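# Chain and residue survey
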Amino acid sequence: MQLGLVGLGRMGGNMRERLRAAGHEVVGFDRNAELSDVATLAELADKLESPRAVWVMVPAGVTDATIDELAGVLGEGDIIIDGGNSRFSDDPPRAERLGEQGIGYLDVGVSGGVWGRQNGYALMVGGAQEHVERLMPIFEALKPEGEFGFVHAGPVGAGHYAKMVHNGIEYGLMHAYAEGYELLAKSELVTNVPGVFKSWREGTVVRSWLLDLLDRALDEDPELAELSSYTEDTGEGRWTVDEAVRLAVPLNVITASLFARFASRQDDSPAMKAVAALRQQFGGHAVRKR
Ligand SMILES: O=C(O)[C@H](O)[C@@H](O)[C@H](O)[C@H](O)COP(=O)(O)O
């Protein structure tokens with residue numbers, strides 16, 4: 001089938017390749033003319049037969065502006081799919097705005113990163129059944145082969161909600177492996193830390209794709225000596241914790257792993273300076289000066 005694809009960066013560009021390899025006709029647009037198949041969104045709309053489907057794969061900050069611009073060149077019966085990491089609460093107002101023009105909307109949480117082109121992308125979809133059915137050939141081509149990797153999770157917003165929780169789990173899992181790494185690296189007994197992680201890849205209870213990727217990273221740099229510990233986040237973990245607060249769900253592990261990222265950005269901790277100062281005040285305990 002035909003699909004418009006807006007945003008041809010690391011994710012969108014690879015998705016275009018996977019879809020074309022499956023026989024779909026993809027018309028891609030990107031602000032970077034070198035990546036783009038067409039010069040404007042209007043040209044993209046012209047190249048597609050009605051009713052059109054256009055998948056948006058842009059960074060979360062520019063999604064609404066992109067969708068609004070796109071809505072200006074689409075019309076009744078068309079569908080816009082947002083496959084970026086948008087906050088789930090942005091989806092219903094978007095769907096309502098588009099619905100006033102007769103444009104359908106699906107939100108899709110897409111997981112798989114740069115490996116998706118080869119392994120397929122796990123898809124978590126929110127929206128109306130009739131819209132999901134229309135996009136099924138595209139979903140089939142993008143998803144991994146096999147039984148799993150696709151869910152119609154619920155109405156508009158449910159796809160991004162499922163992806164948000166997925167990413168919260170991702171934070172927690174990564175952090176558990178990371179803490180195990182630090183303890184092994186500090187131990188006086190274990191001399192082959194990369195070897196321990198490698199051995200865990202088969203047969204153990206903790207084998208997983210993230211573990212495989214940590215093994216890969218340790219193959220490249222056994223002591224992670226090249227890296228700084230500074231770790232970014234792009235919002236999904238914060239939204240997960242916001243939801244946990246709203247619903248009073250005790251998200252101990254995920255919250256701790258989010259806060260560990262914040263701590264990773266500090267050269268010095270103002271909070272721990274305050275603790276050191278207080279110990280000195282009440283107990284005369286020694287402090288270290290800078
Ligand atoms: O499932 C995935 O493919 C990843 O989760 C992907 O979506 C991305 O790498 C994260 O959004 C990074 O999120 P942070 O920047 O918050 O770690």
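The rules we used
- Residues numbered from 1 in each chain as written.
- Predicted model: local features only at pLDDT ≥ 70, side-chain atom pairs only at ≥ 80, totals over all residues.
- Heavy atoms only, no water.
- UniProt positions renumbered as here; feature names shortened; annotations may be inferred.
- Near = heavy atom within 4 Å.
- Polar contact = N/O pair within 3.5 Å; in protein donor to acceptor, adjacent residues only side chain to side chain.
- Areas by Shrake-Rupley, 256 points an atom, 1.4 Å probe, with all protein chains shown as cover.
- Helix = DSSP H or I, 4+ residues; strand = E, 2+ residues; numbered from the N terminus.
- Nonpolar A, V, L, I, M, F, W, Y, C, P; charged D, E, K, R; others polar.
- Domains from an automatic or database assignment.
- Expected span 1.5 Å × (residues − 1).
- Buried < 20%, exposed > 50% of the residue type's maximum accessible area, 1.4 Å probe, protein only.
- Contact = heavy atoms within 4.5 Å.
- Buried area = accessible area lost by both parts, 1.4 Å probe.
- Salt bridge = Lys/Arg side-chain N within 4 Å of Asp/Glu carboxyl O.
- Patch = residues over 30% accessible without salt bridge, like charges linked within 9 Å, V, L, I, M, F, W, Y side chains within 5 Å.
- Pairing = 2+ DSSP bridges.
- Axes fitted to C-alpha atoms, helices over the stretch in contact; angles between N-to-C directions.

Taking an unreviewed UniProt entry as the reference, the protein chain is identified by name as Decarboxylating 6-phosphogluconate dehydrogenase belonging to Micromonospora globispora. The record held by UniProt for the protein chain lists under Sequence similarities (unreviewed entry) the comment "Belongs to the 6-phosphogluconate dehydrogenase family."

What follows concerns the site of the ligand. Neighbouring the ligand are the residues Asn85, Ser111, Gly112, Gly113, Lys163, His166, Asn167, Glu170, Tyr171, Asp233, Thr234 and Arg261. At 2.9 Å from an oxygen atom of the ligand is found a main-chain nitrogen or oxygen belonging to Gly112. Within the contact set of the ligand, an oxygen atom lies 2.7 Å away from a side-chain nitrogen or oxygen of Glu170. In isolation the ligand offers 420 Å² of accessible surface; the protein chains occlude 75% of this area. The dominant element in the shell around the ligand, judged by the number of residues it contributes, is helix α7 (residues 158-186), at 5 residues. When grouped by side-chain class, the residues that make up the shell around the ligand number 1 nonpolar, 7 polar and 4 charged. Two domains each put at least three residues into the shell around the ligand: domain 1 (2-154) and domain 2 (164-261).

One full turn of an α-helix is made of 3.6 residues, so residues set three or four places apart face in the same direction. Look at helix α6 (residues 129-142): 18 Å from first C-alpha to last across 14 residues, which is about the 20 Å you get at 1.5 Å a residue. Looking only at α6, the buried set comprises His131, Val132, Leu135, Ile138, Phe139, Ala141 and Leu142.

The next subject is the domain arrangement of the protein chain. When the domains of the protein chain are assigned, the result is domain 1 (2-154) and domain 2 (164-261). Taking only C-alpha atoms into account, the centre of domain 1 sits 30 Å from that of domain 2. Counting residues at the interface gives 8 residues for domain 1, matched by 10 residues for domain 2. When domain 1 packs against domain 2, the two sides together hide about 780 Å² of surface, and 62% of this comes from carbon and sulfur. On the domain 1 side of the interface with domain 2, the three residues burying the most area are Arg87, Phe88 and Trp115, jointly 61% of the side's total. Seen at the junction of domain 1 and domain 2, the total is 1 salt bridge. In this structure, Asp242 engages Arg87 in a salt bridge whose closest nitrogen and oxygen atoms are separated by 3.4 Å. One can count 2 residue pairs in polar contact (both at pLDDT 80 or more) joining domain 1 with domain 2. Across the side of domain 1 that touches domain 2, the residue classes break down as 3 nonpolar, 4 polar and 1 charged.

Next up on the list: helix α12 (residues 270-283). For α12, with 14 residues, the first-to-last C-alpha span of 20 Å sits near the 20 Å given by 1.5 Å per residue. Following α12 by one or two positions, Gly284 adopts a phi angle in the positive range, close to 65 degrees.

Right, let's talk about a nonpolar patch on the surface for a bit. Taken together, the side chains of Val165, Ile169 and Leu173 present a nonpolar region at the surface, about 230 Å² in accessible area. Residue placement: Ile169 occurs in helix α7. The class for Ile169 is partly exposed, based on a relative accessible area of 45%.

Bringing the sheet that holds strand β5 (residues 104-111) into the picture now. In space, the 7 strands of this open sheet follow the order β2-β1-β3-β4-β5-β6-β7, with mixed pairing throughout. The open sheet has two edge strands, β2 (25-29) and β7 (150-154), and neither has a second partner. Between one strand and the next, the sheet's axes are offset by a mean angle of 25 degrees, whatever the strand orientation. As defined by bridge partners, strand β1 (residues 2-6) adjoins β2 across 5 bridges and the pair is classed as parallel. Its bridge partner being in β2, Gly4 is matched across the sheet by Val27. Against the sheet, helix α4 (residues 91-100) makes contact with β4 (79-82) and β5, and its axis sits at roughly 145 degrees relative to β5, the strand it touches most.

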